[in-house]
Amino acid sequence: MATEIPRALLLGLSNSGGVIEKLNQKKWKRQQVELFFDVIAVESATTVLGSPNNLSSSLLQGFTCTGVRSVQVVQIKKLIKACRRRGKNKVALVETQLTCMYNYIKDDSDATLFDLYPPDVLLYYNYSLVPEASCRSYFKQLADADFSVFSSTLGFMATTLFENARSCLGITNTSLTEDNVSVLGNMCCTVNGSYIENSHPSILDKLASCPDLSAGQVAAAEALLQSGKTQYGAPSKWSEQTLKDLGMLPLYLTSTFYDNFDKKTKRRFLRYFLEVLGSNGVGRQKRRSLKKELRQSIKNKSKRSIVNGCTVGTITQVTISDETFPFDYDDVTQFNCCLSASVVRDNLDAIVAKVDQEEYLSVVLGKLREIYPIVPEDQVLLLGPASRLATVADVLTWNITQIDTLSALMNPSDGQWDPILAKAVISRYLSRPGNTLGTDELNAIGGANLCSLDADVLKNISQQSIRDAGALTLSNCTSEKKRVLFAIAEQAFAANTRSVVSPPTFQLTQPFIGGADLAYVQRLATSGTNMDMSALTSLDSNVVLNLTVSEVRGLLGTNLPTLKLYED
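Residues numbered from 1 in each chain as written. Predicted model: local features only at pLDDT ≥ 70, side-chain atom pairs only at ≥ 80, totals over all residues. Heavy atoms only, no water.

All right, on to the nonpolar core then. Ranked by size, the top nonpolar core spans 184 residues in total, and within it Y125, L142, F335, W398 and L450 carry the most contacts. When sequence neighbours within four positions are dropped, the list of residues in contact with L142 reads P119, L122, L123, F147, L161 and M187. (Core = buried A, V, L, I, M, F, W, Y, C linked by side-chain atoms within 4.5 Å. Buried < 20%, exposed > 50% of the residue type's maximum accessible area, 1.4 Å probe, protein only. Contact = heavy atoms within 4.5 Å.)

Right, here's the structure in full:
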């Protein structure tokens, strides 16, 4: 239950050996570890564990420039090297942490010993400092980096890296050799379709490991497969084993590709692949896309005439229990005709767990309307992804009185809420006497959905609720709402003095910093917080424009060199 501890309670932890060992044994959220990273980062703490290499990945994910502000530079560099881990032990780091790390190592003589550092840090290297003779070594280490960590602001760096790789490896056209593909590794996830279609087939293995693919990349991968020049041979020779051998790539492929397989093969593969996707934690949105393409490929070959009655088979509890349901109902009209309102009522949880297509979920909602003028709370609790397709009128018929129901409805794995609908759901909950925006509610709702509420409603949140809630992401709040929430947070985390904002206080209020006024930010400039660029760019633009050069320098501290990357 360590991940449930409010961040404010993690300040002032003892640095005794027993405490250090206990902290190292627990699982944490990154925003929690940031609050006590200064305790576990110092040499005396890591000595208790043997060395920085023995810090858990859960603790190392809390590395920030604020957290290491008082740590000796030699020790900081050891911590950075300790973050070089692979597989399940990989330390999850975001862009602001990686740029911070690079600023600490960039002037070192061993900065060009690329195998000493996390591959993700190499993404932010100044390439002009990479010796030409070592460029191949640099890109071989970069091959394991996660290119998806680039923010939209710094996304241009991925393009620049590929251009530098072309120069280093002597790539003069859009055809990548087997050696090129091997050296580039995960950078293959960033290349456009013209390279994929003309490259060595081994590029398909790299694409299968990508966190996502664009439509152009998918089309090129399919063209390469259809050419018959891969290890899978001509499409006429493909089988269920071909689909399995492609790894995760089938997750992105379209109905055009799946047209090469018969319905039985596709059903067997779907049953197998859904289990694979589940064990890999693949989200509902990607599963939805896969099923849509499979269903479309069946419709492409189907000669079924349009009929009003149910011809596929009445949907029962047994039908729903099949792992591939509703695979056989490739036509939404058939799904509607074969599904009764009473079956939806009795099996709602099982249905929404397997039905991903939006038009099918809309049918499920329609069946509920048939049977319930007011939907009881035990059914609202089970709506899952179907809830995202409701109307405001639907929400007004839902009983939402318990925090468990609100939490279930706000589950982010079921998809993003339309702000208007999110506001309706939360307002429906708050309309019950005694329900407020307390700590549990804030944790359930999350920042994005909280921003859907009116500023007058947000003003009713108590300081205690903010203090005990987890970190909220408020980037889509209006300036007015950010100011309202910051005012509450500033009081909730207020220190004894108002002349200087301490680094721990800054860390607690950072999620709300977009609503800070000029006076608060100017006090931050003298506190040595080492604010990262994500925080600086989230400040109100009027506040930023009124800062002096020395104040910006004071705010960023060791993060100052990163400012150059943002100049455009």
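The discussion continues.
Within helix α34 (residues 549-556), the full set of buried residues consists of E551, V552, L555 and L556. Relative to the axis of α34, the buried residues are bounded by an arc of 125° and lie together on one face. Opposite the buried face of α34, by more than 90 degrees, sit the exposed residues V549, S550 and R553. Two residues or fewer after α34 comes G557, characterised by a positive phi angle close to 55°. (Helix = DSSP H or I, 4+ residues; strand = E, 2+ residues; numbered from the N terminus. Arc of directions from axis to C-beta.)

Now for the pattern of salt bridges. A complete count under the given rule lists 24 salt bridges for this structure. For D38, the salt bridge identified is with R69, shortest N-O distance 4.0 Å. With D38 in helix α2 (residues 30-41) and R69 in the loop between α4 (57-60) and α5 (73-82), the pair connects residues that are 31 residues apart, well separated along the chain. For D38, a relative accessible area of 30% corresponds to the partly exposed category. Overall, the relative accessible area of 27% leaves R69 in the partly exposed class. The structure contains a network of salt bridges with shared partners spanning R284, K291, D356 and D414. (Salt bridge = Lys/Arg side-chain N within 4 Å of Asp/Glu carboxyl O.)

Turning to unusual backbone geometry, a few remarks are in order. Of note, the amide linkage connecting F325 to P326 takes the cis form, showing an omega dihedral of 5°. With respect to the helices and strands, P326 occurs in the loop between α18 (317-321) and α19 (332-338). Despite not being glycine, N530 shows a phi value in the positive range, around 55°. Secondary-structure assignment places N530 in the loop between α31 (518-524) and α32 (533-538). Residue N530 is classed as buried on the basis of its relative accessible area of 9%.

Okay, the packing of helix α20 (residues 341-354) against helix α21 (residues 358-371) next. Put simply, α20 and α21 touch, their axes get as near as 9 Å, and they point 140° apart. When the axes of α20 and α21 are compared, the pair comes out oblique. Crossing of α20 against α21: the hand is left-handed. Contacts from A341, S342, V344, R345, L348, I351 and V352 of α20 reach α21 at L361, V364, K367, L368, E370 and I371. Here the residues of the contact of α20 with α21 are counted per class, giving 9 nonpolar, 1 polar and 3 charged. (Axes fitted to C-alpha atoms, helices over the stretch in contact; angles between N-to-C directions. Parallel < 35°, antiparallel > 145°, perpendicular 65-115°, else oblique. Left-handed = near helix turned anticlockwise from the far one by under 90°. Nonpolar A, V, L, I, M, F, W, Y, C, P; charged D, E, K, R; others polar.)

Before going further, it helps to examine the packing of aromatic side chains. Evaluation of the coordinates by the stated rule reveals 21 aromatic pairs. On the numbers, 5.6 Å between centres and 40° between planes, the contact of Y127 with F139 is tilted. A residue pair is termed long-range when its members are at least 10 positions apart, and Y127 in the loop between α7 (119-122) and α8 (135-142) and F139 in helix α8 qualify at 12 residues. Linked through ring pairs, Y102, F114, Y125, Y127, Y138 and F139 together constitute an aromatic cluster. Positioned above the aromatic ring of Y272 is the side chain of K244, whose terminal nitrogen or guanidinium carbon lies 4.7 Å from the ring centre. (Phe/Tyr/Trp six-rings, centres within 6.5 Å; stacked < 30°, edge-to-face > 60°. Lys NZ or Arg CZ within 6 Å of the ring centre and 35° of its normal.)

Turning next to the state of the cysteines. Applying the stated criterion to the full structure yields 5 disulfides. Shown here is the disulfide that connects C189 with C210, its sulfur atoms set 2.0 Å apart. Its torsion about the S-S bond being -95°, the disulfide of C189 and C210 is classed as left-handed. Of the two residues, C189 sits in the loop between α10 (178-184) and α11 (193-198) while C210 sits in the loop between α12 (203-208) and α13 (215-226), which places them 21 residues apart along the sequence. Residue class for C189 comes out buried when judged on its relative accessible area of 15%. (Disulfide = S-S within 2.5 Å.)

Attention now goes to α21. If you check α21, its first and last C-alpha atoms are 20 Å apart, about what 14 residues at 1.5 Å a residue would give, namely 20 Å. The set of residues buried in α21 consists of Y360, L361, V363, V364, L365, K367 and L368. (Expected span 1.5 Å × (residues − 1).)

Inspection of the secondary structure puts A158 in helix α9 (residues 156-169). Each C-alpha atom, one on A158 and one on N260, is 35 Å from the other, the two residues being 102 residues apart in sequence. Not counting chain neighbours up to four residues away, the residues in contact with A158 comprise F150 and T190.

Moving on to the packing of α8 against α9. The packing of two helices is summarised by the inter-axis angle and the distance between the axes. Where α8 contacts α9, the axes come no closer than 10 Å and their chain directions differ by 135°. As the angle between them shows, α8 and α9 are arranged oblique. Seen from above, α8 lies across α9 with left-handed handedness. Mapping the contact onto sequence places C135, R136, Y138, F139 and L142 in α8 and L161, N164, A165, C168 and L169 in α9.

Purely geometric numbers; function is a separate question.
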